[in-house]
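These are the residues of each chain, in order.
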Amino acid sequence: MIDQILSEETTERAVLVGLISNQQNETKAKEYLDELSFLADTAGAVTVRTFLQKLEYPNPRTYVGKGKLDEIRAYIEDNDIGMAIFDDDLSSKQVVNIERELKVKILDRTSLILDIFAKRARTANAKTQVELAQYQYLLPRLTRMWTHLERQRGGIGMRGPGETQIETDRRIILNKISLLKEELRAIDKQKAVQRKNRGKLTRVALVGYTNAGKSTLMNVLSKSEVFAENKLFATLDTTVRKVIIDNLPFLLTDTVGFIRKLPTHLVDSFKSTLDEVREADLLVHVVDISHPQFEEQIQVVDKTLREVCDGADKPMIMVFNKIDAFTHVEKDENDLTPRTRENISLDELEKMWMAKLPHDCVFISAKSGQNIDKLKQMLYDRAKEIHLTRFPYNDFLFQKYDELGDVD
């Protein structure tokens with residue numbers, strides 16, 4: 001049953017399907033489909049075309065209406081498409097009905113994310129967390145999977161093998177979930193011991209939307225080689241490095257990125273990874289300022305952090321990254337229409353956010369190194385405050401280091 005989730009490395013041609021509904025207007029629906037296309041690309045699929053339909057709510061049988069489904073089927077048949085990816089979670093009933101009509105592989109947003117997670121997981125911890133998320137995804141979808149046995153009804157002498165098979169599968173998956181949770185509890189204890197053994201060093205965690213540039217910034221600050229690329233969820237395993245700025249040591253953690261429409265059970269399954277965020281002394285929220293919807297991405301991360309940290313306010317530095325990739329459109333003097341987001345310059349955004357935020361913020365490019373020294377000074381000042389509360393009679397543990405890392 002795990003095979004239902006995409007796991008091949010081969011490139012597949014796909015169409016994407018989304019809805020314009022009461023919950024999301026056309027602009028928002030297109031943004032979500034753009035992100036879904038990026039997810040598909042990360043998973044190894046090529047998006048050939050997107051389909052949008054305006055409905056008050058998803059069709060309970062087929063997600064989209066019959067006419068739109070016929071249009072999608074005709075396109076799939078004419079263009080050698082092997083997969084249809086839907087922007088929202090589908091029920092098992094919807095998957096069965098859509099698959100029957102389209103006769104191709106059907107995925108939804110969650111199953112696509114799970115596939116990326118499965119490919120990106122490297123450590124035993126991450127692999128266990130992904131497997132748990134996969135089983136939790138499949139469990140509610142067992143019902144109606146055995147459609148060829150639906151005619152078997154209950155009653156004396158009428159209990160067919162369909163009911164037995166579903167219950168057997170459910171029991172197997174529940175047992176597997178229980179075992180995986182036990183494994184994760186053991187991993188959690190291990191991680192807790194590791195965190196305890198790190199001593200009283202200040203802990204700084206990089207957080208942010210997926211593909212905001214956290215791993216690239218980690219490499220710059222720690223002078224290490226953490227895997228980083230222009231893909232969603234490039235980093236799934238937590239990485240911790242000791243960083244020394246001037247004469248102050250602290251621990252820097254790179255964490256998994258967040259994303260819109262991420263189901264709660266996926267967040268729950270990554271509890272041990274997010275414990276690094278929960279136990280951090282200082283958060284560095286990395287934002288991709290070049291992304292058209294960066295403000296909504298900030299809201300998604302803030303909402304997830306409130307859930308992860310149980311609403312606790314933690315000291316934070318807001319880092320607006322990728323200023324080298326930022327673009328804006330100058331508004332014509334004769335154009336009297338209101339300015340839109342794309343007409344706002346980087347200087348205006350900088351002034352706006354610096355006045356708006358209650359904590360430190362800085363605009364940088366981790367790729368080109370622009371303003372990195374300014375960020376390092378902020379990190380030094382904030383980490384020093386925390387460090388002094390723990391070592392009141394010993395300000396610093398290290399002698400001063402110069403730019404090349406040699407002792408003075």
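Here, residues in each chain are numbered from 1, in the same order as that chain's written sequence. Local features are withheld for residues below a pLDDT of 70 in this predicted model, meaning they are given only at 70 or higher, and side-chain atom pairs are given and counted only at 80 or more; totals for whole chains, interfaces and linings count all residues. The basis for every side-chain value is the complete set of heavy atoms in the structure, and neither hydrogens nor water enter the calculation.

On to the overall build of the chain, then. Secondary structure follows DSSP: runs of H or I at least 4 residues long count as helices, runs of E at least 2 residues long count as strands, and numbering of each begins at the N terminus. When its secondary structure is counted, the chain shows twelve helices and ten strands. Per-residue accessibility, obtained with a 1.4 Å probe over protein chains only, is compared with the maximum for each type, and a residue is labelled buried under 20%, exposed over 50%, and partly exposed between these values. By residue count, 49% of the 408 residues in the chain fall in the buried class. We call two residues in contact whenever any of their non-hydrogen atoms come within 4.5 Å of each other. Within the chain, counting contacts between residues at least 6 apart in sequence, those at least 24 apart form 70% of the total. As presented, the chain carries roughly 20900 Å² of accessible surface, and 49% of it is formed by carbon and sulfur atoms. Method for areas: the Shrake-Rupley scheme with a 1.4 Å probe, in which residue coverage is limited to the protein chains shown.

On the basis of which strands lie adjacent, the open sheet formed by six strands has the order β6-β7-β5-β8-β9-β10 and mixed pairing. Edge positions in the open sheet fall to β6 (239-245) and β10 (360-363), since each of these has one partner strand only. Between one strand axis and the next, the sheet turns through 25 degrees on average, direction left out of account. A strand pair is defined by DSSP finding two or more bridges across the two strands. Pairing between strand β9 (residues 316-321) and β10: four bridges, direction parallel. When the bridges of β10 are listed, Val-319 appears paired with Val-362. Helix-sheet contacts for helix α10 (residues 294-308) involve β5 (203-208), β8 (282-288) and β9, and the interaxial angle to β8 is about 150 degrees. Throughout, an axis means a line fitted to C-alpha atoms (over the contacting stretch in the case of helices), and angles, computed between N-to-C directions, take values from 0 to 180 degrees.

Next up on the list: the packing of aromatic side chains. In this scheme Phe, Tyr and Trp rings, the latter by its six-membered ring, pair at centre separations within 6.5 Å, and the angle between planes marks the pair as stacked below 30 degrees, edge-to-face above 60, and tilted otherwise. All told, the structure shown has six aromatic pairs when counted by the stated rule. On the numbers, 5.7 Å between centres and 75 degrees between planes, the contact of Phe-51 with Tyr-75 is edge-to-face. Taken together, the residues Phe-51 in strand β2 (residues 45-54) and Tyr-75 in helix α2 (residues 66-79) connect sequence positions 24 residues apart. Just as Phe-51 is buried, Tyr-75 falls in that class too. Look at Phe-320 and Phe-363: their rings are 4.6 Å apart centre to centre, the planes differ by 20 degrees, and that puts the pair in the stacked class. With Phe-320 in strand β9 and Phe-363 in strand β10, this residue pair connects regions lying 43 residues apart in the sequence. Since its relative accessible area comes to 1%, Phe-363 is described here as buried.

Bringing the pairing of β6 into the picture now. Looking at chain direction, β6 and strand β7 (residues 248-254) are connected through seven bridges and run antiparallel. Bridge pairing links Ile-245 to Leu-248 in β7.

Moving on: the nonpolar core. Grouped together as the largest cluster of nonpolar side chains are 34 residues, with contacts concentrated most on Leu-36, Leu-39, Ile-85, Leu-112, Val-277, Leu-283 and Leu-305. Only β1 (12-20), α1 (26-43), β3 (83-86), α4 (109-120), α5 (124-138), β5, α9 (271-278) and α10 provide two or more residues apiece to this core. The element best represented in this core is α1, accounting for five residues. We define the nonpolar core as a collection of buried residues of types Ala, Val, Leu, Ile, Met, Phe, Trp, Tyr and Cys that are connected through side-chain atoms lying within 4.5 Å of one another. Judged by nonpolar contacts, the second largest core, of 26 residues, contains Val-286, Ile-364, Ala-383 and Ile-386.

Next up on the list: unusual backbone geometry. Peptide bonds are, in most cases, trans, and in most cases residues other than glycine have a negative phi. Phi at Asp-80 takes a positive value of approximately 55 degrees, unusual for a residue other than glycine. For Asp-80, the location among the structural elements is in the loop between α2 and β3. In this model, Asp-246 sits at a positive phi of 60 degrees, which is unusual for a non-glycine residue. Inspection of the secondary structure assignment puts Asp-246 in the loop between β6 and β7.

On to the sheet that holds strand β4 (residues 105-108), then. The strand order β2-β1-β3-β4 describes an open sheet built from four strands, whose pairing is parallel. In this open sheet, the two edge strands, each paired with only one partner strand, are β2 and β4. On average, adjacent strands in this sheet sit at an angle of 25 degrees to one another, irrespective of strand direction. Each of β1, β2 and β3 touches α1; the most contacted strand, β2, lies at about 160 degrees to it.

A separate point is the side chain of Thr-202. Positionally, Thr-202 belongs in the loop between α6 (161-197) and β5. For Thr-202, the residues in contact, after removing those within four places along its chain, are Phe-250, Leu-251, Asp-281, Ala-383, Ile-386, His-387 and Arg-390.

Looking now at α5. Side chains that are three or four residues apart share a direction in an α-helix, a result of its 3.6 residues per turn. By definition here, a helix of n residues has an expected span of 1.5 Å times n minus one. The terminal C-alpha atoms of α5 lie 21 Å apart, and with 15 residues this matches the ideal 21 Å at 1.5 Å per residue to within 8%. Summarising burial for α5: twelve of the 15 residues are buried, a large majority. For α5, every residue scored as buried is listed here: Asn-125, Ala-126, Thr-128, Gln-129, Val-130, Leu-132, Ala-133, Gln-134, Tyr-135, Gln-136, Tyr-137 and Leu-138.

The sheet contact formed by β3 and β4 spans four bridges and is parallel. Across the sheet, Phe-86 pairs through a bridge with Asp-108, a residue of β4.

How sure the predictor is of each residue is captured by pLDDT, a score from 0 to 100. Here the chain shows a mean pLDDT of 79. Residues at 70 or above account for 79%. Every residue in residues 1-9 scores below 50 in pLDDT, and together they form 25 contacts with partners more than four places removed in sequence or on other chains. Predicted confidence is poor over residues 402-408, with pLDDT under 50, and the contacts of this stretch with residues over four places away or in other chains come to ten contacts.

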